[in-house]
Amino acid sequence: MTDIAIEAKDLTRTFGSFTAVDHISFEVRTGEVFGFLGANGAGKTTAMRMLIGLLAPSSGTARVAGHDVYTESEAIKRSIGYMSQRFSLYEDLTPRENIRLYGGIYGLTRQQIRERTDRMLARLGLAGVADEQVRSLPLGWRQKLAFSVALVHDPRIVFLDEPTSGVDPITRRQFWELIYEAASAGTTVLVTTHYMDEAEYCDRISIMVAGRIGAIGTPADLKKQFGVDSIDELFVRLARPAEKRIPDPGSPIPDPYFPSDTKP
Amino acid sequence: MSALDGLLRKEGYHILRDRRTLVVLLALPVVQVVLFGFAIRTDVNDVRLAIVDPAPDHATIELRNRFVSSSVFRTVAVVSRTSDLDPLFETGAVQQAVVFESGFASDLESGEPAHILIISDTTEPNTGNLVQAYALAVIDGYQRELASPRRGASALAGAEAGSALAGAKVRVAIVPAVRMRFNPTRESSNLFVPGLMAFVLTIISSLMTAISLTREKETGTMEALLVSPLRPWEIIVGKVAPYLVIGFISVVAVLVEARLVFRVPLRGSVALLLFEGGLYILVSLSLGILISARTSSQRVAMMGALLVTMLPNVLLSGFIFPIESMPAALRVVSYAVPGRWFVQIARGIMLKGVGLEYLWLETLILAAMAVVLLVASTRSFKERLE
Amino acid sequence: MRRIFFLAEAEVLHILRDRVLLAQVLIVPVVQLLILSNAATFEIRNTPIYTVDLDRTSVSRGLINHLAASGHFQIVGTAPSLDRANEALLAGTVTMVVVIPHDFEVSLRRTGVAPVELSLNAEKGSSAGIVQSYASRVLAAYATELSPMRASPSIDVRVRGRYNPTLNYRHYMVPGILVALVTMIGTLLTAQNIAREKELGTLEQLNVTPITRGQFIVAKLLPFWVLGLLELSLGLIVGKLVFDIPMRGSVPLLFGVASVYLAVALGIGLWISAMVETQQQAMFVTFFIINIYLLMSGLFTPIDSMAPWVRVASEVNPVRHFVTIARAILMKGAGPAEIVRPFLFLAISAVVVLTIAVRQYRKRAV
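This one's a predicted model, so the numbers in the text were calculated from it and none came from an experiment.

### Concerning the overall build of chain A
So, step 1. Scanning chain A for helices and strands turns up nine helices and ten strands.
So, step 2. Looking at chain A as a whole, 45% of its 264 residues qualify as buried.
So, step 3. A separation of at least 24 residues holds for 70% of the contacts in chain A among residues at least 6 apart in sequence.

### Remarks on the overall build of chain C
So, step 1. Counting its regular elements, chain C contains 14 helices and five strands.
So, step 2. Taken over C-alpha atoms, the radius of gyration comes to 28 Å for chain C, far larger than the 21 Å a tight globule of 366 residues would show.
So, step 3. Seen along its three principal axes, the alpha-carbon backbone of chain C occupies a region of about 95 × 45 × 40 Å.
So, step 4. The buried share of chain C, taken over its 366 residues, is 53%.
So, step 5. For chain C, contacts bridging at least 24 residues in sequence account for 80% of all contacts bridging at least 6.

### Remarks on the interface of chain C and chain A
Where interface size is quoted, it is often the accessible area lost as the parts come together.
So, step 1. Listed as interface residues are 25 residues of chain C and, on the opposing side, 26 residues of chain A.
So, step 2. Taken together, the elements giving at least two residues each to the side of chain C that touches chain A come down to helix H1 (2-16), helix H7 (169-200) and helix H8 (202-207) of chain C.
So, step 3. If one sorts the elements of the side of chain C that touches chain A by residue count, H1 of chain C sits on top with seven residues.
So, step 4. Of the residues contributing to the side of chain C that touches chain A, the split by class is ten nonpolar, seven polar and eight charged.

### Section: the nonpolar core
So, step 1. Grouped together as the largest cluster of nonpolar side chains are 184 residues, with contacts concentrated most on Val200 of chain B together with Val97 and Val98 of chain C.
So, step 2. With 17 residues, the top contributor of residues to this core is H7 of chain C.
So, step 3. Those residues in contact with Val97 of chain C that sit more than four places away from it in its chain are Ile49, Tyr50, Val52, Ala85, Leu89 and Ser119 of chain C.
So, step 4. Residues Val28, Leu37, Ile52 and Met83 of chain A belong to the second largest nonpolar core, which totals 78 residues.

### Things to note about helix H1 (residues 44-51) of chain A
Residues and elements named next belong to chain A.
So, step 1. The element H1 is extensively covered by neighbouring structure, given that eight of its eight residues are classed as buried.
So, step 2. Within the span of H1, buried status applies to Lys44, Thr45, Thr46, Ala47, Met48, Arg49, Met50 and Leu51.
So, step 3. In the stretch just after H1, Gly53 is the one whose phi turns positive, near 85 degrees.

### Let's talk about the interface of chain C and chain B
So, step 1. At the interface, 100 residues of chain C touch 97 residues of chain B.
So, step 2. When residues in the side of chain C that touches chain B are grouped by element, the largest group, 13 residues, is from helix H6 (residues 127-146) of chain C.
So, step 3. Looking at side-chain class alone, the side of chain C that touches chain B contains 54 nonpolar, 30 polar and 16 charged residues.

### Observations regarding the sheet that holds strand E1 (residues 47-52) of chain B
So, step 1. In space, the five strands of this open sheet follow the order E2(B)-E1(B)-E3(B)-E4(B)-E5(C), with mixed pairing throughout. The open sheet is flanked by strand E2 (73-79) of chain B together with strand E5 (155-162) of chain C, the only strands paired with a single partner. Between one strand axis and the next, the sheet turns through 25 degrees on average, direction left out of account.
So, step 2. As paired elements, strand E4 (residues 114-121) of chain B and E5 of chain C share eight bridges and run parallel to each other. Paired with Ile119 of chain B across the bridge in E5 of chain C is Arg160 of chain C.
So, step 3. Against the sheet, helix H3 (residues 58-69) of chain B engages E1, E2 and strand E3 (96-100) of chain B, with an angle of about 140 degrees to E2 of chain B.

### Describing the pairing of E4 of chain B
So, step 1. Inspection of the sheet shows E3 of chain B paired to E4 of chain B by five bridges, in the antiparallel sense. Looking at the pairing, Phe100 of chain B lines up with Ile116 of chain B of E4 of chain B.

### Observations concerning the packing of helix H13 (residues 318-332) of chain C against helix H14 (residues 340-360) of chain C
If you want to describe how two helices pack, look at the angle between their axes and the distance between the axes.
All names here are of chain C.
So, step 1. For the pair H13 and H14, interaxial distance at closest approach is 9 Å and the crossing angle is 140 degrees. Taken together, the axis directions place H13 and H14 in an arrangement best described as oblique. As H13 runs across H14, the sense of the crossing is left-handed. Where H13 abuts H14, its residues Pro318, His321, Phe322, Thr324 and Ile325 lie against Pro342, Phe343, Phe345, Leu346 and Ser349.
So, step 2. For the contact of H13 with H14, the residue count by class is seven nonpolar, three polar and no charged.

### Notes on the sheet that holds strand E5 (residues 67-68) of chain A
Residues and elements named next belong to chain A.
So, step 1. Pairing within the open sheet is antiparallel, and its four strands lie in the order E2-E1-E4-E5. Two strands bound the open sheet, and with one partner strand each, they are strand E2 (18-29) and E5.
So, step 2. Both strand E4 (residues 59-64) and E5 contribute to a ladder of two bridges, which runs antiparallel. Across the sheet, the residue bridging to Val64 is His67, located in E5.

### Some points on the confidence of the model for chain C
So, step 1. A residue-level look at chain C finds 97% of positions with pLDDT of 70 or above and a mean pLDDT of 87.
So, step 2. As scored by the predictor, the complex reaches a pTM of 0.84 and an ipTM of 0.83.

### Section: the environment of Asp3 of chain A
All names here are of chain A.
So, step 1. Counting through the fold element by element, Asp3 comes out in the segment before strand E1 (4-15).
So, step 2. Along the primary structure Asp3 and Arg13 are separated by ten residues, whereas in three dimensions their C-alpha atoms are 26 Å apart.
So, step 3. If sequence neighbours within four positions are ignored, Asp3 has contacts with Arg29 and Thr30.

### With respect to the environment of Ser228 of chain B
So, step 1. Its location among the elements puts Ser228 of chain B in the loop between helix H8 (221-227) and helix H9 (232-262).
So, step 2. Sequence separation between Ser228 of chain B and Ser269 of chain B is 41 residues; the distance between their C-alpha atoms is 43 Å.

### A closer look at the pairing of strand E3 (residues 96-100) of chain C
Residue and element names in this part refer to chain C.
So, step 1. Of all five residues in E3, five are buried; the element is thus mostly enclosed.
So, step 2. Burial along E3 is two-sided: the face carrying Met96, Val98 and Ile100 and the face carrying Val97 and Val99 are both buried.
So, step 3. Pairing analysis gives five bridges linking strand E1 (residues 47-53) to E3, with the strands arranged parallel. Along E3, the bridge assignment pairs Val52 with Val99.
So, step 4. Strand direction decides the pairing type here: E3 and strand E4 (residues 113-121), joined by four bridges, are antiparallel. Within E4, the residue paired with Val99 across the bridge is Glu117.

### Some details on unusual backbone geometry
So, step 1. The phi angle at Asp154 of chain A is positive, at roughly 55 degrees, despite the residue not being glycine.
So, step 2. By the secondary structure assignment, Asp154 of chain A is in the loop between helix H5 (139-150) and strand E7 (157-161).
So, step 3. Its identity as a non-glycine residue notwithstanding, Asp244 of chain C has a phi of 55 degrees, on the positive side.
So, step 4. Within the secondary structure layout, Asp244 of chain C lies in the loop between helix H9 (213-243) and helix H10 (251-275).

### A few points about the packing of H1 of chain C against H9 of chain C
All names here are of chain C.
So, step 1. Interaxial distance between H1 and H9 falls to 8 Å at its minimum, and their mutual angle equals 35 degrees. In terms of crossing hand, the pair formed by H1 and H9 is right-handed. On the side of H1, the interface is formed by Arg3, Ile4, Leu7, Ala8, Glu11, Val12 and Ile15, while H9 contributes Gln215, Phe216, Val218, Ala219, Lys220, Leu222 and Pro223.
So, step 2. Of the residues assigned to the contact of H1 with H9, the class counts are ten nonpolar, one polar and three charged.

Reading the values: rules and limits
- Residues numbered from 1 in each chain as written.
- Chains lettered and ligands numbered in written order.
- Predicted model: local features only at pLDDT ≥ 70, side-chain atom pairs only at ≥ 80, totals over all residues.
- Helix = DSSP H or I, 4+ residues; strand = E, 2+ residues; numbered from the N terminus.
- Buried ≥ 20, exposed ≤ 12 C-beta atoms within 10 Å, placed from the backbone.
- Contact = placed C-beta atoms within 7 Å.
- Rg over C-alpha atoms; globule rule 2.2 N^0.38 Å.
- Nonpolar A, V, L, I, M, F, W, Y, C, P; charged D, E, K, R; others polar.
- Core = buried A, V, L, I, M, F, W, Y, C linked by C-beta atoms within 7 Å.
- Pairing = 2+ DSSP bridges.
- Axes fitted to C-alpha atoms, helices over the stretch in contact; angles between N-to-C directions.
- Parallel < 35°, antiparallel > 145°, perpendicular 65-115°, else oblique.
- Left-handed = near helix turned anticlockwise from the far one by under 90°.
- pLDDT = per-residue confidence, 0-100.

Written out as structure tokens, the structure reads:
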């Protein structure tokens, strides 16, 4: 049982008459790097929000880190880390202050906070800018730092929502190195992305189309199964028919006028 | 459909979709009129009175009855010592106290001066004064009545003697015959409506416009507009037009409500009033645009709008507080406040029924302000774009 | 518990590094206080009047001198005819026209009674009634002067004003304005702040942590609560230095009440932030609501003058109660016993408002 980190069965979320997530079922094993792929509006962000306790499901079941998402969502939060796409760190605080804040919220002792801060900054090469406000750091550094902060409390599972958007290829590669490090230390990683080449980095992937899981398995198996050379091709083949769908309101690109609108 | 039409339509959608802002925009004028009509008043009636009467006699009782029957006063406490008054005043239970001394009636009869002490709560000076004046009037009335039977005789005698002033023991009375012009009932509602129109317009045309424009900047959508084929003046018109419309609607709403609910008069020309209102809207809009041109932060825009438009237009325009009562420095500053001119104009039109022949100067000033500010704001906006 | 400390610490850092907010807290209120206190007065000074003396006797001139000497009026002109005076009234250059009839002295000598006409421009505002009462008093004082030494029966009336002997309008307004400022800080900044976090998405990040909503709210509100009290201190200092406002009662008591009041104001800000999505909405809605509260609070105009239903409605207005308490403590020297009733209301409101606001806040959307 403890080697299933995340499981969902017929997980569904509707907004009025619109079904954003349509009876999805999948499992993520402990220590896996699981890629959650799909077009914008396919429902992956909504699905993730249900798993991390930001949104209540409409129906179906799901368990994260052994806890039920309906009744134990607060317990889940103790065991997970999260990196959102829109925001990761407070820009007017320094890296040190950001780490301290989250460390404190997750219950680390001052000693622990100090140790992990030093370790983290050294690993990322950010020791020199530890006391400069985050807003002055380039995007790539920020994203890597955000990822580390999401792991500051050694969570069993970490959820990453489009963590490499807008970041240059070299930084992306470095980022994935960090992900591998975490995974080999036993942390389960669920990452959503629309960079199909990153799909190749994952142990297993699922592709969501119009609220449903169109494909799930290891990248190699899927390519063989569908007879394609790249995940990119697979994605296009699955996603094409669903093009006309109304965009997922939980999509990470916010409407500038109504940023937290979750209703269409 | 031209680019400008498209922009206007988008702005329209924004406003209609943003229900919370819409509710505020529509409810604001309605609520303001009601509040000003019923809450912002300075009339004094129903004064809570305390009586200190250590030795009641027929005279004190008589006088006490007169206070009550005057319908202005209401006796809420009768105590025997002045020291008992303290908590009553401090809690606000009592606004005024009438303190008699013992032997009041006997003093009156023997021709000795009978003493009364009136203690008024003058925390709010004007209420304190008015309440005091009312009390004095009651006492005066009583005293006059006591004196009158004897007065008739000696007055005639005095007339014969040629000088009633020197001879007879009479009190001289100079009686004011009061005429309240232009607002006979002195309804406070009549007074605030002009100022309220200015206030509502300022909120909509300056405050909300400034915040809305800077919001576009903050979210970055302004850049998209700037890169489009829209010319700068078109962007301004497009963004600002909805608030212009809402502003007009609000002013009309205020007027209609004021007339229906409070029967505020409109003795002059409606067309002229709306024209002047239009001028004022232009002034406010320009200020809103100017403010938004100088900042990209909504919060700064709000602060700026508050300090530069709302505060002066509410406080220094004569809307609530009379300009004559202000210190000289503020009186001078008020000349630069557009609201001051508009309030003067609107009051003139509504309450006095006068037209341009009396208001030409104020109109000119308002128009000049509108022109200057419009030019300044468009230029400022364009500058920021380049 | 420690979580509150960490989050509050971060909040304080945010505040200290936020120049806009510091301006909102330090500059704007002081400016408002200075202008408001100077402008917000119904005092009658230098009211322009016209006199029309149709009698032209020493007695009538005496009356005019009395009016001029009273300090309330400024005689802009003495017209020989009514027309000019009426013009002035119509044009708005004078507030009152005093017309002394041509048989003024004769009437007084003969009957002891004479009328004087006061024509007031009532469009200028509530001041018309006050101007009239000042004018009447001048008339009455002059009449008493003209009267013989002893008229009998005589009632000797002494008057005493309590709490504001100099009739200084600012002493009345400043405590109320301080309340308004503290309210603005408490409610607006809270609503703005949380709405901003919503808009930027930083709130989401906190909602995914195990922090409870109670801890979150306390950590958020605590810094603003402190700011509110600082604001009050700043306001009191300015009030004392610039306007020499009375502080007859216990200032610590005032701060104690303010602490409870701020809880209400912050709670309302929190509640507003829960029902809006953007900063813009937060600003508009807060402004709208605070406006209503302020107008019905007795800050600008006395509660006793309000229409009955408004007076009743204002019983549930926390601003009204704090204004009453502030004036009672500062101007009347009231102690705890005298402010029990309004304070009780504030205390209950604080509990109710905060409970509702906390309940309303959801970490997980339904």
